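Results of the structural survey
If you want the building blocks of each chain, they are given just below.
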Amino acid sequence: MRTTVGIIGAGPAGLLLARLLHNAGIDSVVLESRDRSYVEHRQRAGILEQGTVDVLRAAGAGERMDREGLRHDGIELRFARQRHRVDFPGLTGGRSVTVYAQTEVCKDLIALQLKEGGPLLFEAEALAVEDAESERPRVRFRHEGREDVLECDHVVGCDGFWGVARTAFPESLARVFERTYPYAWLGVLADVAPSHDELVYARHDRGFALLSMRSPSVSRLYLQVPADTDAEDWTDEAVWDELERRFETADDWRLERGPITQKSVTPMRSYVHEPMRHGRLFLAGDAAHIVPPTGAKGLNLAVGDVVTFARALVHERETGSPELLDAYSATCLRRVWQAERFSYDMTSMLHPGPGDSPFDARLQLARLGRIASSRAAETDLAEAYTGFPWE
Ligand code: FAD
Ligand code: DHB
């Protein structure tokens, strides 16, 4: 099999890249190890930055998002039983975010790709990327019980944190920057209208809690839990009781309960693999970097990477100059490190750690208090949350 761009992974990064290339008249093949239903139902991100929304729309993948996505103009920070709203458009010159689940983004992109795009092979597992430094990199993969080879001009590893693309980088070239956290998120999906019309990020001495949503009738909620937690150890009632404690306010706000339909634990990690390019192999999205979920940057970073790659390839085709492809890693990493910084700041401000002292707790409250009382500090948060501009 032969194609111009071999794409490993049909998460948001791989699927959007295939769409962008298709729109630019460049052919690609997407290899995805899991089946379609798994990819379409894996519960993950929910918040799209303005720039992500604009890209999906321009790519022709925004029709349902525009209909069903919920525009959010702010978030609430909750701490010491107080509530503070951060007004995004007022602080950023009009920017906002959109609540539209990653599952739905993937469904929309898969439907488009199968209807209009190049091959998208499910249950096709990439085994290795070979000859990345040559003019003809190859992906060895297994599909329908047979091993095959995909010959490409370029390979883009969009295969997430556990993928194979990264392993094709020589050890002498790769540098990894990493931090783990002693806690995780227990995420639940519940059939109940969200108890607030915007997201609520709550810091409590018992731990962090987040109120988010998937639709006007489905809530998405998260609780900080110890890193080794098994989701099955939490009964539905215990989840609601703990959420209620951590969201407590001095006023009469109430948390509505409903049937929990899904429960899972997400580990927290910060991770960057540098560089993001080796020869004709490029990494994009979670394959190259992970942020802890506080601040909702992961999917949006993945989108930034593939937009950068697609533009660079189109630039090379139109001008003959590889300058943007050569700059790919450095261009992406500037944005990646800003998101790493923001996600780390949000995480460390909102999660009491197991070894924290009373001093640490006071510092967290002081950081939150600063945001609530300084327009400059609040603007910093709003700019980062709604998304850093793309180069
Ligand atoms: P993935 O979505 O991981 O896709 C990689 C794909 O590659 C997968 O389909 C996988 O099956 C496939 N694959 C792996 N190995 C192979 C192989 N060898 N061969 C073929 N295919 C392979 N981000 C946000 O921006 N906003 C949020 O609100 C947010 N909330 C989150 C909440 C949770 C609970 C979690 C877990 C994550 C959240 N994120 C959020 C992060 C976001 O989900 C990820 O950053 C995003 O999925 C990255 O997309 P990706 O395409 O790079 O990788
Ligand atoms: C969601 C996830 C996040 O990490 C976040 O910061 C906000 C919302 C969500 O899944 O809805």
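Our subject in this report is the structure included herewith. (Residues numbered from 1 in each chain as written. Chains lettered and ligands numbered in written order. Predicted model: local features only at pLDDT ≥ 70, side-chain atom pairs only at ≥ 80, totals over all residues.)

1. As for the site of ligand 1
Our working rule: Only the C-beta atom matters for this test: placed from the backbone, it must lie within 6 Å of a molecule or strand for the residue to be near it. Going along the chain from the N terminus, every DSSP run of H or I of four or more residues is numbered as a helix, and every run of E of two or more is numbered as a strand.
Residues in close proximity to ligand 1 total 36 residues, the closest being Gly9, Gly11, Gly160, Gly285 and Gly298. Here the shell around ligand 1 takes four residues from helix 8 (residues 298-319), the largest share from any one element.

2. Considerations on the site of ligand 2
What counts here: Bear in mind that the domain bounds are from an automatic or database domain assignment.
Near ligand 2 the following residues occur: Ala45, Gly46, Ile47, Leu199, Leu210, Ser212, Arg220, Pro293, Thr294, Gly295 and Ala296. When residues of the shell around ligand 2 are sorted by domain, at least three fall in each of domain 1 (5-72 + 98-178 + 269-346) and domain 2 (181-268 + 352-386).

3. Regarding the sheet that holds strand 3 (residues 47-49)
Our working definition: Two strands pair if DSSP finds at least two bridges between them. Note on geometry: axes are C-alpha line fits, over the in-contact stretch for helices, and angles between N-to-C directions span 0 to 180 degrees. Here, residue contact means that the backbone-derived C-beta atoms of the two residues sit within 7 Å.
Strand order in the open sheet made by the three strands is 3-7-4, with antiparallel pairing throughout. Whereas interior strands pair on both sides, the edge strands pair on one side only; in this sheet they are strand 3 and strand 4 (70-72). Between one strand and the next, the sheet's axes are offset by a mean angle of 35°, whatever the strand orientation. Where strand 3 lies against strand 7 (residues 97-99), three bridges are found, and the strand directions are antiparallel. Bridge pairing in strand 7 links Glu49 to Val97. Its contacts with the sheet put helix 3 (residues 50-58) on strand 3 and strand 7, and the angle it makes with strand 3 is roughly 85°.

4. Examining the environment of Thr386
Selection criterion: Residue burial is a threshold on neighbouring C-beta atoms within 10 Å of the residue's own C-beta, all placed from the backbone, with 20 or more meaning buried, 12 or fewer meaning exposed, and counts in between meaning partly exposed.
Inspection of the secondary structure puts Thr386 in helix 12 (residues 375-386). The exposure class assigned to Thr386 is buried, which follows from the 23 C-beta atoms found within 10 Å. Through-space distance from the C-alpha of Thr386 to that of Asn300 is 10.0 Å; in sequence the pair is 86 residues apart. Ignoring any residue separated from it by four or fewer positions in sequence, one finds Thr386 in contact with Glu49, Gln50, Phe88, Thr92, Arg95, Ser96 and Val97.

5. Points about the nonpolar core
Going by this rule: As used here, a nonpolar core is made of buried Ala, Val, Leu, Ile, Met, Phe, Trp, Tyr and Cys residues. They are joined through C-beta atoms within 7 Å.
With 110 residues, the main nonpolar core has Leu17, Ala284, Val306 and Phe309 as its most contacted residues. A per-element tally of this core places helix 8 first, with ten residues. There are two domains that each give this core at least three residues, and those are domain 1 (5-72 + 98-178 + 269-346) and domain 2 (181-268 + 352-386). In this structure, Phe309 is in contact with Leu17, Val156, Phe282, Ala284 and Tyr328, ignoring residues within four places of it in sequence.

6. What to know about the sheet that holds strand 9 (residues 124-130)
Taken in spatial order, the three strands line up as 9-10-11 in an open sheet, and their pairing is antiparallel. Every interior strand has two partners, whereas the edge strands, strand 9 and strand 11 (146-151), have only one. Neighbouring strand axes in the sheet, compared pairwise and without regard to direction, differ in orientation by 25° on average. Bridging between strand 10 (residues 138-143) and strand 11 involves six bridges; their strand directions are antiparallel. The residue of strand 11 that forms the bridge with Val139 is Leu150.

7. Digging into the packing of helix 1 (residues 12-23) against helix 8
Here is the rule: Note on angle classes: values under 35 degrees are labelled roughly parallel, values over 145 roughly antiparallel, values of 65 to 115 roughly perpendicular, and the remainder oblique. Left-handed describes a crossing whose near helix is turned anticlockwise from the far helix through less than a right angle; right-handed describes the clockwise counterpart. Note on residue classes: Ala, Val, Leu, Ile, Met, Phe, Trp, Tyr, Cys and Pro are nonpolar, Asp, Glu, Lys and Arg are charged, and everything else, Gly too, is polar.
Running from N to C, helix 1 and helix 8 cross one another at 30°; their axes reach a closest spacing of 9 Å. For the element pair helix 1 / helix 8, the angle class is roughly parallel. In this structure, helix 1 crosses over helix 8, and the sense of that crossing is right-handed. Of the residues in helix 8, those in contact with Pro12, Ala13, Leu16, Leu17, Leu20 and Leu21 of helix 1 are Leu299, Ala302, Val303, Asp305, Val306, Val307, Phe309 and Ala310. Classifying every residue of the contact of helix 1 with helix 8 by side-chain character gives 13 nonpolar, no polar and one charged.

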